[in-house]
Structure formats: C-alpha cells, structure tokens
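Observations on chain architecture
Chain by chain, the residues run as shown.
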Amino acid sequence: MTPGMTPDPGDASRAKKTSTRVLTIVMVVYAVTCAVNLGEFWPFSIYPMFSQAGNTWHRVVLRDVSDSGAVDWKSTTLEDLPGEPFGAASVGADPIDLANFVSKTRDWTPERIEALELQVFPRGHDGQSILAFRVSGTLIGDSVAVVAKPVVVVGAVGNILSPELMP
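Notes on the structure follow. Note that the structure is predicted; figures quoted are calculated from it, not measured.

1. With respect to helix α3 (residues 95-104)
An α-helical turn contains 3.6 residues, so any two residues separated by three or four positions project in the same direction. Along α3, the residues classified as buried are L98, A99, F101, V102 and S103. In this fold, the buried residues of α3 make contact with β1 (57-64), α4 (110-120), β3 (129-140) and β4 (143-155). Where α3 begins, the side chain of D94 points an oxygen toward the backbone nitrogen of I96, at a separation of 2.8 Å.

Right under this line is the structure:
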C-alpha cells in the first residue's frame with residue numbers, strides 16, 4: 001500500500017475467512033486421523049504417559065498350559081495365573097504387536113484366532129498349548145487393580161475361545 005491510501009476493509013475480512021477455513025480443515029483432518037487410529041496418533045502415541053495417564057490399560061500375558069489340563073475361564077490375578085510363562089519373543093513374535101492384537105480385538109472370528117496362532121507359533125507349536133490373557137489395570141485411589149481375563153487357547157489342543165467371548 002502506498003502512503004496516503006486507506007486500507008481496504010475487505011482484505012481483513014478475506015484474511016479472517018481464509019485463516020478460519022484453514023484452521024477448520026486442519027482440525028477436521030486431525031480429528032479424523034485420531035478417530036480411525038483409536039487415539040494412537042502422534043504425538044499422543046509417543047507420550048501416552050501424558051495423554052493417557054490414569055486411564056485403564058490393557059496388555060497380554062501368554063502362559064504355557066500344555067500340562068495344566070482343563071482351562072479355567074474365570075478372571076484371575078497375576079499371582080494366580082495357570083501354567084508357565086511363555087515368552088513371545090522366544091518364538092519370533094513381536095510382543096507389542098501381539099499385545100495390540102489381543103487387547104484391541106473385540107470380535108474373535110475363526111480367522112482372527114488362526115492369525116493369533118500363527119503369530120504365537122510362526123514355526124509350529126511342538127505340542128505346546130498357549131493361553132492368552134487380556135490383562136487390564138485400573139487406577140483405584142493410590143494403587144492399580146490388575147485383572148487377567150483368559151481369552152483364547154491356541155496350539156496342540158486346537159484353538160479354543162473363551163465361552164464369554166463366543167458370539
């Protein structure tokens with residue numbers, strides 16, 4: 001603008017409309033991205049201790065129940081889990097992927113159970129039967145209440161889904 005000229009009031013109005021439109025588009029894209037990824041979108045996935053502090057958490061625990069006989073499908077504590085610990089990494093399974101698979105699956109179809117078996121036993125099961133527990137922790141006052149729910153047995157005995165999760 002040259003000296004002596006008055007500013008055009010339309011310039012400020014156009015700038016405001018443009019900035020509002022850009023901000024709205026950014027917020028919509030961000031909201032959609034977070035919604036389809038169950039909240040696991042940067043920066044939240046990098047620092048969950050800040051964004052999800054105090055929320056209930058879910059993980060998976062695998063137990064070798066080959067010698068345990070019948071499976072008890074009741075929820076239990078970590079101290080009372082049946083069988084022996086089974087390390088997913090020992091068979092080449094990624095523990096983080098496995099935890100996400102078990103903790104986020106809601107509809108256990110035969111295909112999903114087979115996918116879990118292939119993830120736990122990529123090279124065959126050698127007569128082992130593995131019981132997957134969905135472990136949840138909830139903040140109660142100053143402590144955490146931890147509950148382990150049996151989800152599925154995979155391996156030598158076949159694939160058996162918890163009666164509670166059957167459709």
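2. Some remarks on the nonpolar core
It is characteristic of soluble globular proteins that their nonpolar side chains tend to be buried jointly. If you look at the biggest cluster of nonpolar residues, it comprises 21 residues, and the most contacted ones within it are L62, W108, L116, V120 and V152. When contributions to this core are tallied by element, the ones reaching two or more residues are β1, α3, α4, β3 and β4. Per-element accounting of this core gives the leading share, four residues, to α3. Among residues more than four places away in sequence, those in contact with L62 are E84, P85, F86, A88, L98, V120, I130, L131 and A132.

3. Re the sheet that holds β3
The strand order across the open sheet built from five strands is β2-β1-β3-β4-β5, with neighbouring strands paired in antiparallel fashion. With partners counted over all chains shown, the strands left at the sheet margins are β2 (84-85) and β5 (160-161), one partner each. Across two bridges, β1 lies against β2 in antiparallel orientation. Paired with R63 across the two strands is P85, which belongs to β2.

4. A few points about the environment of F101
By the secondary structure assignment, F101 is in helix α3. Given the relative accessible area of 18%, F101 is considered buried. Put simply, F101 and Q119 are 18 residues apart on the chain and 9.6 Å apart in space, counted from C-alpha to C-alpha. For F101, the residues in contact, after removing those within four places along its chain, are W108, R112, A115, L116 and Q119.

Analysis parameters
The numbering scheme is per chain: residues are counted from 1 as the chain's sequence reads. Thresholds applied to this predicted model are a pLDDT of at least 70 for local features of residues and 80 or more for the giving and counting of side-chain atom pairs; totals over whole chains, interfaces and linings are not thresholded and use all residues. Side-chain figures throughout are based on the complete set of non-hydrogen atoms in the structure, without hydrogens or water. Buried, partly exposed and exposed residues are distinguished by accessible area as a fraction of the type maximum, computed with a 1.4 Å probe on protein chains only: under 20%, between the cut-offs, and over 50%, respectively. Only runs of H or I of at least four residues qualify as helices and only runs of E of at least two qualify as strands under DSSP, and these elements are numbered from the N terminus. We call two residues in contact whenever any of their non-hydrogen atoms come within 4.5 Å of each other. Definition of a polar contact: a pair of N or O atoms within 3.5 Å, with one able to donate and the other able to accept a hydrogen when the atoms are protein atoms, and with sequence-neighbouring residues admitted only if both atoms are side-chain atoms. As used here, the term nonpolar core means buried Ala, Val, Leu, Ile, Met, Phe, Trp, Tyr and Cys residues forming a set that is joined through side-chain atoms within 4.5 Å. Here a strand pair is declared whenever DSSP counts at least two bridges between the two strands.

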